[in-house]
Amino acid sequence: MKDNLRKPAARPDRLKKALTPEAPPAPVPREGNWRTWLNIALLFLTLEVAVFSVERAQWLTPQPAFTLVLFLAMLFVWLLVFARAAGWLIHILAPVVGVLVAVWQALNCLPGAHSFHHLFTVLKSWWQPSAALLPGEENVVFALVIALLVWLIGYLGIWFLLRRHNAWVAVTLGAVVIIVNLSNLSAVNYYYFPAFFVAAVLLVIQTRIAGQFVKSGRGSGYTAKSLLYLVVPLVCIVVLASSLAWLTPQARASGLQNLMSSALGWKQDMRESRLNIFNAVPAKQAFSTSSLLTELTFEKGWNQGNIIHFIVHSNRPSYWPMDIYDTYTSTGWVNSPTTGQPLDAKVPRENTASVSQEDLMRYEVTMNISGDVVLVAGNLVSSDSPVVLHEAAGNEVMEVTTQRILGIGESYSVQSVLVNPTADQLSGAGDDYPGYIRDYYLQLPPDYSEAVRLLSENITAGAATPYAKVLAVVDYLAGFPYEAIIDAPPEGTDGVSYFLFTEKRGFCLYFASAMAVMLRTIDVPARLVVGYLPGEPGDERGTYILRDWHYHAWAQVYFPGYGWVNFEATPGGGGGSGSQISVETPLVSIPAIRELPQWNAWNYLAPPPENIPAPPPPAAPAQAESRHSWGVLPFADELGRALAVIVLVIIGAAVVIALLLLSRRAFFRRLWYVERRSLAYHTYAKLCRLAAMAGIYPRPQQTPLEFAAALQQALPEEADAIDGLVRAYQENRYGRREGKPGLYEEALLLKSRHLVYDKLLRLTGKRSWRFKLFSPGAE
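Treat the numbers as computed from the prediction; the structure is a model and nothing was measured.

**Student:** Before we move on, could you go through unusual backbone geometry and cite the residues and values that matter?
**Tutor:** Look at R84: it is not a glycine, yet its phi comes out positive at around 60°. Looking at where R84 falls in the secondary structure, it is placed in the loop between α3 (66-82) and α4 (87-108). A residue is classified by how much of its surface remains accessible, and R84, at 47% relative accessible area, is partly exposed. A positive phi is found at K346, a non-glycine position, where the angle reads about 65°. When you line up the elements, K346 lands in the loop between β7 (339-343) and β8 (360-367).

Below, the structure written as C-alpha cells:
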C-alpha cells in the first residue's frame with residue numbers, strides 16, 4: 001500500500017495536514033485515573049472562581065444560576081467524552097444543549113409568566129428599537145447571553161482538557177471573565193483575581209504533569225527539585241500580578257486611549273446602541289456618562305450621597321454644568337437632537353485676547369468616578385483632551401463629552417470664558433431675542449396647564465423687564481420649603497403643576513423646572529441645567545471637592561447681548577439641605593458670589609486670578625500645525641515627539657525581533673526533539689515537511705522509497721542517510737520492529753537525521769528568504 005502523503009496540486013496552506021502521517025487517537029481518560037479527576041476538579045475550581053465573581057456582583061435580580069450552568073456544561077461534555085463520541089458530534093450537541101439551558105435560565109428571569117411565548121416577545125421587542133420593554137424585561141437578553149457564555153466556557157474548557165490535555169483555553173476564557181467583570185466593580189472585589197490566578201497556576205501545573213504521564217506511560221518525569229523550580233517562579237508571578245492588580249486597578253495609557261478613541265468613533269455609537277445588552281445592566285461603580293443624562297424625570301428623591309465625584313483645581317469657585325435640557329415634558333426634561341462636533345486637544349474655539357482676567361477661567365478636573373461628560377463653567381474655549389461638542393440649534397453647546405470614558409484618577413484641563421453681567425446690565429438687556437431662541441426655548445407641551453400660565457402672569461404683573469420677571473418668580477418660589485425626599489408626581493400628572501399646586505415642596509429639580517417653565521409661559525426664554533454646586537474647599541489651595549450631594553439643578557435665562565445666565569431658584573440652607581447660594585442673590589455670577597460669606601473661604605484658598613497667565617491667542621488655520629511649539633525652544637515639542645517616535649520604533653523592532661527569535665527557537669526545539677518510542681515515525685514526518693518547504697513535494701502515488709529516490713537526486717551527498725531514514729520508517733510502520741529502536745540503530749538515525757535536515761534547511765534558506773531564520777547555516 002502506498003502512502004498518500006500529498007497531492008501534486010495541493011496548496012501550501014494544506015501542507016501540514018497532508019504531510020502529517022496519521023497519528024494515533026488521543027487517549028481517552030479512564031474512570032479510575034485519579035489524575036484525570038484531579039484535572040477536572042481543578043478546572044471546575046478555576047472557572048468557578050470567575051463565574052462566582054459574576055454571581056456575587058449581582059448584575060441581575062433575579063439572576064441565572066451560573067454555577068449550575070457551568071456544572072451542567074462540564075458534566076454533559078464529560079459524559080460525551082467517556083462515551084467515546086466523535087468530536088464532530090460533541091461540537092454539535094454541546095452548543096445546542098447550551099442554548100436550551102440558557103433559555104431555561106432566561107425564563108426564570110422573566111417578570112410575570114415564565115413562558116416561551118413571553119421570552120420570544122421580549123427578544124423580538126429588544127431587536128426592534130421602536131418597541132418598548134416592560135420593567136424587568138430589559139435584563140432578560142443579558143441573562144440569556146451570559147448564561148450561554150458560561151456554558152461555552154465550561155464546554156470548551158473541559159473538551160480541550162480531556163481531548164487535548166490543554167488547560168490554557170479554560171484559563172484564558174476565565175481570565176477574560178475576571179478582567180471584564182472586575183473592571184466594572186469596586187476595588188473591594190479584587191480578591192477574586194489572585195484566587196483565580198492561584199487556581200489557574202495549579203491547573204496548568206497538574207495538566208502538564210498529567211500530560212507527561214500520558215506520553216511516557218510511567219510517571220510525570222518531574223523530580224522534587226524540578227517541581228520546586230516550576231512552582232516557585234509561578235508563585236512569584238501570582239504574587240506580582242495580584243499586587244499590581246490590587247495597587248493599580250485603574251492604570252491607563254491616556255495618550256494611547258485618546259488616539260484609539262479618535263480613530264474608532266464607532267465605539268461610542270456601539271456603546272449607546274439599543275442592541276448593546278450591557279446598557280440594561282446597572283453599573284457597580286459610580287458612573288456619569290452622556291447616555292445616562294439624555295432624560296431627566298421627576299423622581300421622589302435627589303442625590304444625597306457623600307462620595308467624591310470630582311476634584312477641581314481652579315482659580316475661583318463656580319457652578320459646574322454638565323448637561324443642558326431644552327425640551328420640557330410633563331414627566332421631566334429631555335435633550336433635543338444634537339450634532340457632534342469634534343474639537344482637538346488644545347485647539348481654541350475663539351480668540352480670548354480681548355477677554356479680561358475676571359471673565360477667564362482655567363481649571364483642572366480629576367475624576368473620582370468613571371465618565372465622559374466634561375464640566376464646563378461658562379463657554380468652552382479649549383481642552384487639553386480631544387472632546388466632542390454636542391450642538392443644538394444656533395450652535396448652542398448643550399453638552400461636552402470626551403471621546404472615551406475616563407477612569408478614576410484621570411484628569412483633564414479646561415479653559416473657558418464666564419459671563420458675569422451685573423443686575424443693572426441685565427435690567428437693560430431688553431427682550432430682542434434671536435429667532436432660534438424663541439423657537440426652541442419657549443417650548444412647552446401642547447395645551448399646557450393654563451393654571452401655571454395664570455400664576456406666572458399674576459406674580460410678574462408688576463415686572464417691566466425680563467430680569468424683573470425672573471426676580472419675581474424666584475421670590476415666589478422662595479416661599480416653598482426645600483425637601484430632599486417627596487412623593488413623586490402620580491402617573492399622568494404634570495410635574496411642575498404637581499409641585500406648584502399640590503406638593504408645594506421639593507428639591508432643586510422641582511424648583512429649577514418650575515422657574516424655567518413659568519418663565520416660558522410669559523415669553524422669557526429659559527432652560528434647565530444639571531451639574532454641580534461650587535463644592536467644598538479642599539485642603540490644598542484652589543481645590544474644590546465635588547461630592548454626590550453637590551449634584552444640582554438650576555435654571556438659565558437668556559438675555560440679549562449676554563447670552564445664557566445662571567440663576568438659582570432653590571432656597572438656601574447649606575450642607576445637604578439646600579443650595580449653597582442664598583436666595584437673596586439669585587444671580588449666579590462671580591460678582592454675586594463675592595458678596596456671600598462663603599466667598600471668604602473660597603477666596604482665601606483660591607489663587608488670585610491675576611497670577612494665572614493669559615492663554616495664547618488661537619493660531620490661524622494655515623499655522624495650526626505650529627500651535628504646540630510653546631516650549632523653551634521653538635522646536636522642543638517637535639523634538640520630543642520625534643524622540644518618542646524613534647523610541648517607539650526601536651521598541652517595536654525589538655519586540656518583532658524577540659518574537660522571531662522565539663519562533664526560531666520553538667521551531668528548532670520541535671524539529672530536533674527526540675521521541676524515542678516513535679523516533680523513525682516522527683523523523684520521516686518531519687523529513688516530508690522540510691522537503692515540501694524546499695519544494696520537493698511527495699506525490700500521492702509515490703511509495704516512501706520512490707520519494708527517497710527523488711530526494712536523493714536533489715541531495716546526492718546525503719543519499720545513504722536518506723535511504724537509512726526511509727528504510728527505518730518502513731520497518732517501523734510496516735514491519736514488526738515497533739517501539740523504541742536499539743541504541744546502535746538510534747544513533748544511526750540521529751546522525752542521518754542531522755545530515756539530511758541540515759541540508760534541507762540550507763536549501764530552504766536559499767529558495768525563500770522567509771525561511772532563512774530557520775536555517776542558521778544559510779548564506
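There's plenty left to go through after this.
**Student:** An account of the nonpolar core is needed here, citing residue identities and associated values.
**Tutor:** Generally speaking, a soluble globular protein has its nonpolar side chains buried in company with each other. One finds L375, L477, L500, M515 and F567 to be the most contacted residues of the largest nonpolar core, which totals 90 residues. When neighbours within four sequence positions are excluded, M515 is seen to be in contact with V470, V473, V474, L477, A555, V557, F567 and A569. Judged by nonpolar contacts, the second largest core, of 55 residues, contains L80, V101, A102 and L161.

**Student:** Describe the pattern of salt bridges, listing the residues and the values that go with them.
**Tutor:** Pairing between side chains of opposite charge can happen when the charged atoms of each approach one another. Throughout the structure, instances matching the rule amount to 4 salt bridges. Salt-bridge contacts for R527 lead to E396; the nearest nitrogen and oxygen are separated by 3.7 Å. In this pair, R527 is assigned in strand β14 (residues 526-532) and E396 in the loop between β11 (387-391) and β12 (397-406), connecting sequence segments 131 residues apart. E396 carries the same exposure label as R527, and that label is buried.

**Student:** Residues and numbers for the packing of helix α16 (residues 495-503) against helix α17 (residues 508-521), please.
**Tutor:** Axis separation between α16 and α17 bottoms out at 9 Å; the angle between their running directions is 105°. In this view, α16 runs roughly perpendicular relative to α17, as classed from their interaxial angle. Judged by residue contacts, G495, V496, F499 and L500 of α16 engage Y510, F511, S513, A514, V517 and M518 from α17. Classifying every residue of the contact of α16 with α17 gives 8 nonpolar, 2 polar and no charged.

**Student:** Give me the lowdown on the sheet that holds strand β15 (residues 536-537), citing residues and values where you can.
**Tutor:** Judged by pairing direction, the sheet is antiparallel, and its 6 strands sit side by side in the order β10-β13-β8-β3-β16-β15 without closing on themselves. Each edge of the sheet is formed by a strand with only one pairing partner; in this case those strands are β10 (379-383) and β15. Pairing analysis gives 7 bridges linking β8 to strand β13 (residues 411-417), with the strands arranged antiparallel. The residue bridging R362 from the neighbouring strand is Q415, located in β13.

**Student:** If you had to explain the pairing of strand β3 (residues 308-314) to someone new, which residues and values would you point to?
**Tutor:** Sheet topology places β3 next to strand β16 (residues 543-547); 5 bridges connect them, and they run antiparallel. In the strand pairing of β16, F310 is matched with L546.

**Student:** Can you explain the side chain of E568? Please cite residues and give values.
**Tutor:** Tracing the chain through its elements places E568 in the loop between β18 (563-567) and α18 (590-594). Among buried charged residues, E568 stands out as having no salt bridge; its nearest opposite-charge side chain is R527, 15 Å away. Here the side chain of E568 touches H552 through a polar contact of 2.9 Å, side chain to side chain. Here T570 takes part through its backbone nitrogen, which lies 3.0 Å from a polar atom of the side chain of E568.

**Student:** Summarise helix α14 (residues 450-459); cite the residues concerned and give the values.
**Tutor:** All of the buried residues in α14 are V452, L455 and S456. With its buried residues spanning 100° around the axis, α14 presents them on a single face. Buried-residue contacts for α14 involve α15 (466-477), α16 and α17. For α14, the side-chain oxygen to backbone nitrogen distance between the N-cap and A451 is 3.3 Å, and the N-cap itself is S449.

**Student:** Break down the pairing of strand β4 (residues 320-325) for me, citing the residues and quoting the values.
**Tutor:** Most of β4 is tucked away, with 6 of its 6 residues classed as buried. The pairing of β4 with β14 spans 5 bridges and is classified as antiparallel. Bridged to I324 within β14 is V529.

**Student:** Tell me about the sheet that holds strand β2 (residues 295-297), and name the residues and values.
**Tutor:** As summarised here, the arrangement of the 3 strands in space is β2-β6-β5, forming an open sheet in which the pairing is antiparallel. In this open sheet, the two edge strands, each paired with only one partner strand, are β2 and β5 (327-329). Across the sheet, the mean angle separating the axes of adjacent strands is 20° when strand polarity is ignored. Two strands pair when backbone bridges link them, and β2 and strand β6 (residues 332-334) are joined in this way by 3 bridges, in the antiparallel orientation. Its bridge partner lying in β6, T297 is registered against G332. α17 rests against β2, β5 and β6 of the sheet, and its axis sits at about 75° to β6.

So, how was this worked out
Along each chain, numbering runs from 1 in the same order as the chain's sequence is written. Given that the model is predicted, a residue must reach a pLDDT of at least 70 before its local features are reported, and side-chain atom pairs must reach 80 or more before they are shown or counted; all residues, however, enter totals for whole chains, interfaces and linings. Just so you know, side-chain values use all the structure's heavy atoms and leave hydrogens and water out. Numbering goes from the N terminus for both helices and strands, where a helix is a DSSP run of H or I of at least four residues and a strand is a run of E of at least two. With a 1.4 Å probe rolled over the protein chains alone, any residue whose accessible area is under 20% of its type maximum counts as buried; one over 50% counts as exposed, and the rest are partly exposed. Note on terminology: a nonpolar core comprises buried Ala, Val, Leu, Ile, Met, Phe, Trp, Tyr and Cys residues joined through side-chain atoms within 4.5 Å. Residues are treated as being in contact if the distance between any of their heavy atoms lies within 4.5 Å. What makes a salt bridge here is a side-chain nitrogen of Lys or Arg within 4 Å of a carboxyl oxygen of Asp or Glu, nothing more. Here, axes are lines fitted to C-alpha atoms. For helices the fit covers the stretch in contact, and angles between N-to-C directions go from 0 to 180 degrees. We call two directions roughly parallel when the angle between them is under 35 degrees, roughly antiparallel when it is over 145, roughly perpendicular when it lies between 65 and 115, and oblique otherwise. Gly is placed with the polar residues, together with every amino acid not listed as nonpolar (Ala, Val, Leu, Ile, Met, Phe, Trp, Tyr, Cys and Pro) or charged (Asp, Glu, Lys and Arg). At least two DSSP bridges between two strands are required for those strands to pair. Lys and Arg are tallied as positive, Asp and Glu as negative. Neither His nor the chain termini are counted. The definition of a polar contact used here is a pair of N or O atoms within 3.5 Å, where within protein one atom must be able to donate a hydrogen and the other to accept one, and adjacent residues in sequence count solely through side-chain atom pairs. Working definition: the arc comes from the directions between the helix axis and the C-beta atoms, pointing outward to the latter.

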